There are 2 protein chains.
Amino acid sequence: MARSRSLKPGRPAYQQIADELRASIRSGELGDGDRLPSETELIETFGVARMTVRAALQVLQHEGLAVAEHGRGVFVRHRRPFRRRSVQRLSRAQWGSGRAMWEADTAEDRTVSATIEVTRERAADDIADRLRVPPGTDVVVRRRLHSVDGQPLQLSAAHLPAEIAVGTPIAEPDTGPGGTYARLEELGYPLEGFVEEVQARMPSPDEARLLALPTGVPVITIVRVAHTSDRPVEVNEIVVNSDLYVLEYQIRP
Amino acid sequence: MARSRSLKPGRPAYQQIADELRASIRSGELGDGDRLPSETELIETFGVARMTVRAALQVLQHEGLAVAEHGRGVFVRHRRPFRRRSVQRLSRAQWGSGRAMWEADTAEDRTVSATIEVTRERAADDIADRLRVPPGTDVVVRRRLHSVDGQPLQLSAAHLPAEIAVGTPIAEPDTGPGGTYARLEELGYPLEGFVEEVQARMPSPDEARLLALPTGVPVITIVRVAHTSDRPVEVNEIVVNSDLYVLEYQIRP
DNA sequence: GAGTGGTCTAGACCACCAC
DNA sequence: TGGTGGTCTAGACCACTCG
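Source: prediction; values computed, not measured. (Residues numbered from 1 in each chain as written. Chains lettered and ligands numbered in written order. Predicted model: local features only at pLDDT ≥ 70, side-chain atom pairs only at ≥ 80, totals over all residues. Heavy atoms only, no water.)

**A short note on the protein's contact with DNA strand D**
Under the convention used in this document: In these notes, residues near a molecule or strand are those with any non-hydrogen atom within 4 Å of it. Polar contacts here mean pairs of N or O atoms no more than 3.5 Å apart (in protein, one a potential hydrogen donor and the other a potential acceptor; neighbouring residues in sequence count only if both atoms are side-chain atoms). Secondary structure follows DSSP: runs of H or I at least 4 residues long count as helices, runs of E at least 2 residues long count as strands, and numbering of each begins at the N terminus. Throughout this entry, Asp, Glu, Lys and Arg are counted as charged residues, while Ala, Val, Leu, Ile, Met, Phe, Trp, Tyr, Cys and Pro are counted as nonpolar. The remaining residues, Gly among them, count as polar.
For DNA strand D, the set of nearby residues contains 24 residues, the closest of which are A:Arg50, B:Ala13, B:Ala49, B:Thr52 and B:His70. Among atoms of DNA strand D positioned within 4 Å of the protein, sugar and phosphate together represent 67%. Take A:Thr40: an N or O atom from its side chain is 3.5 Å from a phosphate oxygen of DNA strand D. Here a phosphate oxygen of DNA strand D sits 2.6 Å away from a polar atom, N or O, in the main chain of B:Ala13. Of all the elements in the fold, those that place two or more residues in the surface near DNA strand D are helix H2 (39-46), helix H3 (50-62), strand S1 (66-69) and strand S2 (73-76) of chain A together with helix H1 (13-27) and helix H3 (50-62) of chain B. Of the residues belonging to the surface near DNA strand D, the class tally is nine nonpolar, nine polar and six charged.

Take a look at the structure:
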């Protein structure tokens, strides 16, 4: 970043400053983890007020290109999607093998952890709808926060009709080898398939906190419905840190 | 929003104001499309400076909850994912039928349009990698911007080895009934399957402009690889407006 | 013209970090 | 202790929308 740069009229100053910094990042002049010029430096370089350079830095943060660290500086953000979920994770071989399904694509040397809370509730309308049960029907809800190496990755809330789950390991925090899906098969609910609906949006403040999301990182939401041949048996609402995930799907024509 | 509300110390004022407005939106007190209190009103209500209420309003905009319209006000944003892409759109029945594949899930009464540009380029490293050809190999690139009812929905850039595509309708703007995939089959490349890698991130300024994305709306990126039994034949990089899409995937165990 | 949001200034005080 | 970013003020002028 050269000394004393001039700004052209017509385009807002903060956007021009953001443009220059963005170009430096895209070109590689500023690499992953590098510190951007400080606010003081930018004020001197461009001859503008502090709030103006702050606006420019905010733009980059909301684009997910930079993160501010209080007392240290603003840094180029580095993406590192170290996990990927593949279709195979929902194969019977996977959860039939006794491995926890969600560990399917976790490398062996990673530390996987989860907090879990199991409750019994009345189903919200959208959940009841997807489970094809009357609104307000009792459901068992398994809420989890999954982390790998201490980094929170995803929130999930699995809903199953209470009629199916109560009195079984599915209503316990630890469902045992193979998890919920293995238990469902044992209970006489052979799974025929899954449907996942995928969307993306910005996180709520709560989600940002729980997933330790920096500014400018969206979440991917997945609603997965597990079916037997004649009825849906589980609706899982999943919210994942989009920075750490690549979802992979295979499709046959 | 009651008159003259007090702010508690400890939490920044702009966040408390954002909290109150967010709660009004979540509770339904402020519904889709409703106007939020103006900056002037918020200044009077909370007794703070203008930049403070603007910071609060920016928070909501970056969360995707509100949009500002210059000269009119700040409004509750309404999500309307009016399209959904399903697995069936990649079924042979779909593109074998002569319908353009991407129209699979478009309602009949919508106006679908696309701009297209076909070029011949040397493959970038990641594309070459996925096509399993040497870096710099010639590829035909079909870049499109799809819109429905004038609303831009997605950008796509389909890359095919020039060796396969040149001299065929695939290298023409109009590929004919059934599109690229129908032509590939006719040319002796029967498709065995597709793999899609899905991620989400904030858009670049260019993407935000082309897709007419408001502040706080991420994009979903899809990299789709189409395979024959022995080689990948197309890599399609897709960027979609996450506000208008629900991706649907079916998985069999 | 009145009301709205968009940009910008020139200060202030504070909280956090590193040395 | 000096440098960093975080919050906040009290103004200013501008651009857009609508009646």
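Past the structure itself, the notes keep going.
**Focus on the environment of A:Gly216**
Our working definition: The criterion used for residue contact is that any of the two residues' heavy atoms lie within 4.5 Å.
Position of A:Gly216 relative to the elements: it lies in the loop between helix H8 (205-210) and strand S8 (219-227). With near-sequence residues (within four places) excluded, A:Gly216 lies in contact with A:Gln61, A:His62, A:Glu63, A:Gly64, A:Met202 and B:Met202.

**With respect to the protein's contact with DNA strand C**
Looking at DNA strand C, there are 24 residues lining it, with A:Ala13, A:Ala49, A:Thr52, A:His70 and B:Arg50 nearest. Within the contact set of DNA strand C, a base nitrogen lies 2.8 Å away from a side-chain nitrogen or oxygen of A:His70. B:Ser38 has a polar side-chain atom sitting 3.4 Å from a phosphate oxygen of DNA strand C. Where the surface near DNA strand C is concerned, the elements lending two or more residues are helix H1 (13-27) and H3 of chain A together with helix H2 (39-46), H3, strand S1 (66-69) and strand S2 (73-76) of chain B.

**Thoughts on the relation of the copies chain B and chain A**
Filter applied, for reference: The fit set for superposing copies consists of C-alpha atoms from residues with pLDDT of at least 70 in both; the fit itself is least squares.
The two copies are related by a screw operation: chain B maps onto chain A through 180 degrees of rotation and 0.1 Å of translation along the axis, at an RMSD of 0.1 Å. As the rotation angle and translation indicate, the two copies are arranged about a two-fold axis. Residue by residue, 100% of the interface of chain B is reproduced at the interface of chain A, so both copies engage with the same surface.

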